[in-house]
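# Structural characterization, general
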Amino acid sequence: MTYQEVLEAARKCSGPFCKACPVCNGRACKNTMPGPGAKGSGTVAIRNYDAWQEVCLNMDTICENGPVDTRFTLFGQTYDLPVFAGPVGAVKLHYGDKLTDLDYNDILVPACVQAGIAAFTGDGTDPAVFAAAAEVIGANGGKGIPTVKPWDRDTLFAKLDQAKASGAQMFAMDIDAAGLPFLKGLNPPAGSKTVAELREVIEYAKVPFIIKGVMTVRGAKKALEAGAAGIVVSNHGGRVQDGVPATAEVLPAIAEAVKGQMVVIVDGGIRTGVDVCKALALGADACILARPYVTAVYGGGAEGVRLLTDRLKAELADTMAMCGVHSLAEISRDMIF
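Structural notes, computed from the coordinates. (Residues numbered from 1 in each chain as written. Predicted model: local features only at pLDDT ≥ 70, side-chain atom pairs only at ≥ 80, totals over all residues. Heavy atoms only, no water.)

Before going further, it helps to examine the overall build of the chain. Summing up its helical and strand segments, the chain has 11 helices and 10 strands in all. Radius of gyration (C-alpha) of the chain: 18 Å, near the 20 Å computed for a compact globule of 337 residues. Considered along the principal axes of its C-alpha atoms, the chain spans approximately 60 × 45 × 40 Å. A total of 337 residues make up the chain; the buried ones form 56% of that total. Summing over all exposed atoms, the chain offers an accessible surface of approximately 13200 Å²; the carbon and sulfur share of this is 53%. Between the averaged position of the 32 positive side-chain charges in the chain and that of its 36 negative side-chain charges there is a distance of 5 Å. (Helix = DSSP H or I, 4+ residues; strand = E, 2+ residues; numbered from the N terminus. Rg over C-alpha atoms; globule rule 2.2 N^0.38 Å. Buried < 20%, exposed > 50% of the residue type's maximum accessible area, 1.4 Å probe, protein only. Areas by Shrake-Rupley, 256 points an atom, 1.4 Å probe, with all protein chains shown as cover. Lys, Arg positive; Asp, Glu negative; His and termini not counted. Charge placed at Lys NZ, Arg CZ, Asp CG, Glu CD.)

Let us look at the packing of aromatic side chains. The final tally for this structure, using the stated rule, is 5 aromatic pairs. On the numbers, 5.2 Å between centres and 75 degrees between planes, the contact of tyrosine 79 with phenylalanine 84 is edge-to-face. Overall, tyrosine 79 belongs to the buried group, its relative accessible area being 1%. Note on phenylalanine 84: relative accessible area 0%, which makes it buried. One aromatic cluster in this structure is built from Phe72, Tyr79, Phe84 and Phe120. Of note, lysine 164 hangs over the ring of tyrosine 204, and the distance from its end group to the ring centre comes to 4.4 Å. Above the face of the tyrosine 204 ring, lysine 206 is positioned so that its terminal group lies 5.9 Å from the ring centre. (Phe/Tyr/Trp six-rings, centres within 6.5 Å; stacked < 30°, edge-to-face > 60°. Lys NZ or Arg CZ within 6 Å of the ring centre and 35° of its normal.)

Along the chain, aspartate 267 falls in the loop between strand 9 (263-266) and helix 10 (273-281). Of note is the side chain of aspartate 267, whose polar atom sits 2.8 Å from the side chain of serine 234. For aspartate 267, the contacting residues outside a window of four places in its chain are Lys212, Val232, Val233, Ser234, Asn235, Thr247 and Ile288. (Polar contact = N/O pair within 3.5 Å; in protein donor to acceptor, adjacent residues only side chain to side chain. Contact = heavy atoms within 4.5 Å.)

It is worth spelling out the pattern of salt bridges at this point. For the structure shown, the criterion picks out 12 salt bridges. Arginine 27 serves as the salt-bridge partner of aspartate 50, at 2.9 Å between the closest nitrogen and oxygen. Taken together, the positions of aspartate 50 in helix 2 (residues 43-54) and arginine 27 in the loop between helix 1 (3-11) and helix 2 put the pair 23 residues apart, joining distant regions of the chain. When its relative accessible area of 26% is taken as the criterion, aspartate 50 is described as partly exposed. With its nearest N and O atoms 2.9 Å apart, the salt bridge here joins aspartate 123 to lysine 159. Taken together, the residues span a long stretch of sequence, with aspartate 123 in the loop between strand 4 (118-121) and helix 5 (127-139) and lysine 159 in helix 6 (residues 153-166) at a distance of 36 residues. With respect to class, aspartate 123 is no different from lysine 159; both count as buried. Within the structure, one salt-bridge network assembled from shared partners comprises Arg153, Asp154 and Glu200. (Salt bridge = Lys/Arg side-chain N within 4 Å of Asp/Glu carboxyl O.)

Attention now goes to the side chain of arginine 291. Checked against the element boundaries, arginine 291 lands in helix 11 (residues 291-322). Buried and without a salt bridge, arginine 291 has aspartate 267 as its closest oppositely charged side chain, separated by 8.0 Å. Separated by 2.3 Å, the side chain of arginine 291 and the backbone oxygen of proline 36 make a polar contact. Beyond its immediate sequence surroundings of up to four residues, arginine 291 is in contact with Cys24, Pro36, Gly37, Ala45, Tyr95, Gly237, Arg239 and Arg271.

So, on to empty space enclosed by the protein. One pass over the structure, following the stated rule, counts 1 cavity of 30 Å³ or more. When its volume is computed, the largest cavity comes out at roughly 110 Å³. Classifying every residue of the lining of the largest cavity gives 8 nonpolar, 3 polar and 3 charged. (1 Å grid on protein atoms, 1.4 Å probe; cavity = no way out; pocket = protein on both sides within 12 Å on 5 of 7 lines; lining within 4 Å. Points joined across faces, edges and corners; volume = space filled by probe spheres on them. Nonpolar A, V, L, I, M, F, W, Y, C, P; charged D, E, K, R; others polar.)

Let us now look at the packing of helix 4 (residues 101-115) against helix 11. In contact at an axis separation of 8 Å, helix 4 and helix 11 are set at 15 degrees when each is read in the N-to-C sense. Classified by the angle their axes make, helix 4 and helix 11 are roughly parallel. Note that helix 4 runs across helix 11; the crossing there is left-handed. Contact residues: Tyr104, Ile107, Leu108, Ala111, Cys112 and Ala115 in helix 4; Tyr293, Val294, Val297, Gly301, Ala302, Val305, Arg306 and Thr309 in helix 11. Classifying every residue of the contact of helix 4 with helix 11 gives 11 nonpolar, 2 polar and 1 charged. (Axes fitted to C-alpha atoms, helices over the stretch in contact; angles between N-to-C directions. Parallel < 35°, antiparallel > 145°, perpendicular 65-115°, else oblique. Left-handed = near helix turned anticlockwise from the far one by under 90°.)

Mapped onto the secondary structure, glutamate 197 falls in helix 7 (residues 195-205). In this structure, the C-alpha to C-alpha distance between glutamate 197 and threonine 32, residues 165 residues apart in sequence, is 33 Å.

Taking every second residue as pointing to the same face, both faces of strand 8 (residues 230-233) are buried, with Gly230 and Val232 on one and Ile231 and Val233 on the other. Pairing geometry for strand 7 (residues 209-214) and strand 8, over 4 bridges, is parallel. Looking across to strand 8, one finds that valine 214 is bridged to valine 233. Strand direction decides the pairing type here: strand 8 and strand 9, joined by 4 bridges, are parallel. Counterpart to valine 233 in the pairing with strand 9 is valine 266. (Pairing = 2+ DSSP bridges.)

In structure tokens:
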């Protein structure tokens, strides 16, 4: 199977909202919620993608001709490249009837481990989704990050207990999910959290905790104050708030403010290994891709995940070599034109 065949297969079962486009840039699915599109005008997902295209890299091939090492370590776990599959919930609602959330995570999590990376897994109003995702992560050596919604205190603690019992070794919260239209007014309630509330959750977890949905330096510092081990610079693919900047636009200032004090991950419109290199040069430690991995699973199952990951790794390694760097630690801001 080729990656092109994965896309073609995904188009037959991803719908009616996701089109499994050759270039996943937010244009064809604009204003489709439910679906993978962005909220409001639908322009934020497009802006995320376009911003990475505006970033240019400086080539430098007057250097040692040696092997490139793309390996990345996060909280003691080593991966083949600094890429994670993103947390996606309600796949049946947003992407098509082929898979439930439980089916999706059962394919995604082990396939990511086999491909040399790991997955952030989603959460939802059905408590079985988070519990099952945590269990499959535990069954795969703890390589994966169960990602919980910003529920009320009792719901959060119960979910964290489930995840810890399953063997998960790190957690995340996509705190910006407070803006998802289909979470408002539901039971259990979900919403914004204060620094004190986050600190209580993170202290209860007792493992490295990542806060996803940070878009400002102020937000990053508040996550640090709460005790987060890492953040994800993310606007939730444009799906929680219209009229916000692209993640590539805010990443450099955020990374400059907290780099070295916590892990900085970024998502939003990242589609290639070239984009990954750009993100690292702008200050990120790693990247998340969500929509492309949904397409990979829908179109090719575990093989689709492997094909996409292999492609990203080859593109990243080639880009690093052409920019004169041979390890992730050598990637720096002066590579940006």
